[in-house]
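One letter stands for each residue in the lines below.
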Amino acid sequence: MRNDTATASAVLALTGGPANVRHVTHCLTRLRLTVADPAAVDEEALRALPGVLGVIGAGTPSLQVVLGPGVVDTVTAEVERQLAARARAGGVRAGAGAVETGEGSHPSPTGPSRKGPLAASLSRVANVFVPLIPALIGCGIVAGVNGLLTNAGWLPGLTPALTAVASGFMALIAVFVGYQAAKEFGGTPILGGAVAAVIVYPGVAKVTAFGVHLSPGQGGVLGALAAALLATRIEKWCRGRLPGALDVLLTPTVTVLVAGLATLYGLMYAAGAVATAIGTGANWLLTTTGAFAGLILGGLFLPLVMLGLHQALIPIHTTLIEQQGYTVLLPLLAMAGAGQVGGALAVYVRLRHDTTLRATIRSALPAGLLGVGEPLIYGVSLPLGRPFVTACAGGAAGGGFVGFFAMLGEKVGATAIGPSGWALFPLLTGNQGPAPAIAIYGGGLLTAYAVGFAATLAFGFPRGTARGTAPPVTDRTPAGSA
């Protein structure tokens, strides 16, 4: 049985203690910590903890501890509980380095980050969308089930209710994005949500900008993100200049008024144009260069996951789902995980006497089949080195397979983001309906499994490595432990 309390305590101790932790959050597989002093983190000991699959961002204020699905939820909750208990005992708030702004509390990390400006910005934008993923998954699966019932003509009295359940969140997703963006970038979350709500308000249809009437939802999540960022800047400017008595009244008023008008008469139009360009570009990419695009996307996605940059694609996926009802990019990217499954199976077959590594593969493989790649990345392929590259080759082959059919007019899309692997099947659809999409996606998975397996057997081990034995330690990259 897992001891999440002990894991949380150990993580806090090895990241410099509770006083060094400024902010805590998590995604599907990773505990994300903002630390005040990156030098206080004991990376090697953290990697060696039982249950820790990898560590990303060591030496920077933004630390990610890979724990895997399910585990990360309970360990994060325990970390937050221990921080809150310490705060109560010491008479201070958890995350003592955070800055209080209005109704929200926000991290204010100190120390220079080694991330480049672009990587740091992408990471923060990803933090806006990561908390929305569970709702996207849940609503997407409900939408998929509802589509099957509707097409089959079953339960006609229930399908309108399911439509409401599946569509309600997407109809208001701009508000949630605005709330999360303001929270992440140091503003008052409710003001960010209030400004972003302008985008989905039906009355905007009466507003004319640039000679045309606006449409409710125009600009989507991109417009909501821009609106909330502008609102945050305005709020901070006001709070630094207004005395306390006026601040209470004027700051929220000026924030909502100025950012709201700017959203109506500029941001919605501009974000709508960008969103349209994203949809047009994705369709052109797959229709014109589908096989090549799939090969590149499927081959490069594992390195993005390894670096934690894959979350930066969430706004693009969300925009495509808003526009077309599905994202055509996710099924291509999902092939990367399938390539890694094939590569791990080849390692399992080749290194039959390495009982520790084979045990790691057996425990990580179910998650890999369901599209959670971190356990196999940090427990198997990266430590061995070459199998990581051959797994990418498998992902490229699967992506090329799916992309080839897109060139033939058979697009495969996902109605929600989050799952991949076998877990993506309930969310699949396309321009020809779910059945062809499921068949093509399944063919892509099999292709990625096969190529990842064959490439790893052929090229995944140094010459001279005996069958059944692991490569020399000097050939391994110390990227993580199982």
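Quick notes on the rules
- Residues numbered from 1 in each chain as written.
- Predicted model: local features only at pLDDT ≥ 70, side-chain atom pairs only at ≥ 80, totals over all residues.
- Heavy atoms only, no water.
- Helix = DSSP H or I, 4+ residues; strand = E, 2+ residues; numbered from the N terminus.
- Contact = heavy atoms within 4.5 Å.
- Areas by Shrake-Rupley, 256 points an atom, 1.4 Å probe, with all protein chains shown as cover.
- Pairing = 2+ DSSP bridges.
- Axes fitted to C-alpha atoms, helices over the stretch in contact; angles between N-to-C directions.
- Parallel < 35°, antiparallel > 145°, perpendicular 65-115°, else oblique.
- Left-handed = near helix turned anticlockwise from the far one by under 90°.
- Nonpolar A, V, L, I, M, F, W, Y, C, P; charged D, E, K, R; others polar.

Caption draft 1: Representation of the overall build of the protein chain within the structure. Across its full length, the protein chain holds 17 helices and 10 strands. Long-range contacts, defined as pairs at least 24 residues apart, comprise 72% of the intrachain contacts of the protein chain with a sequence gap of at least 6. Taken as a whole, the protein chain presents about 20,500 Å² of accessible surface, with 68% of it coming from carbon and sulfur.

Caption draft 2: Representation of the sheet that holds strand β3 (residues 54–56) in the model. Taken in spatial order, the 4 strands line up as β1-β2-β4-β3 in an open sheet, and their pairing is antiparallel. This sheet does not close on itself; its edge strands, each paired only once, are β1 (21–26) and β3. Ignoring strand direction, the axes of neighbouring strands in this sheet form an average angle of 20 degrees. Of the pairings in the sheet, the one linking β3 to strand β4 (residues 62–66) comprises 3 bridges and is antiparallel in character. Pairing of Val-55 across the sheet is with Val-65, part of β4.

Caption draft 3: Quick look at the packing of helix α13 (residues 335–350) against helix α17 (residues 434–459). Here α13 crosses α17 at 40 degrees, and the two axes come no closer than 7 Å. If you check the angle between α13 and α17, you find them oblique. The chirality of how α13 crosses α17 is right-handed. On the side of α13, the interface is formed by Met-335, Ala-338, Gly-339, Val-341, Gly-342, Gly-343, Leu-345, Ala-346, Val-347, Val-349 and Arg-350, while α17 contributes Tyr-441, Gly-444, Leu-445, Ala-448, Tyr-449, Gly-452, Phe-453, Thr-456 and Leu-457. Residues that form the contact of α13 with α17 fall into these classes: 13 nonpolar, 6 polar and 1 charged.

Distances and angles like these do not, on their own, reveal function.
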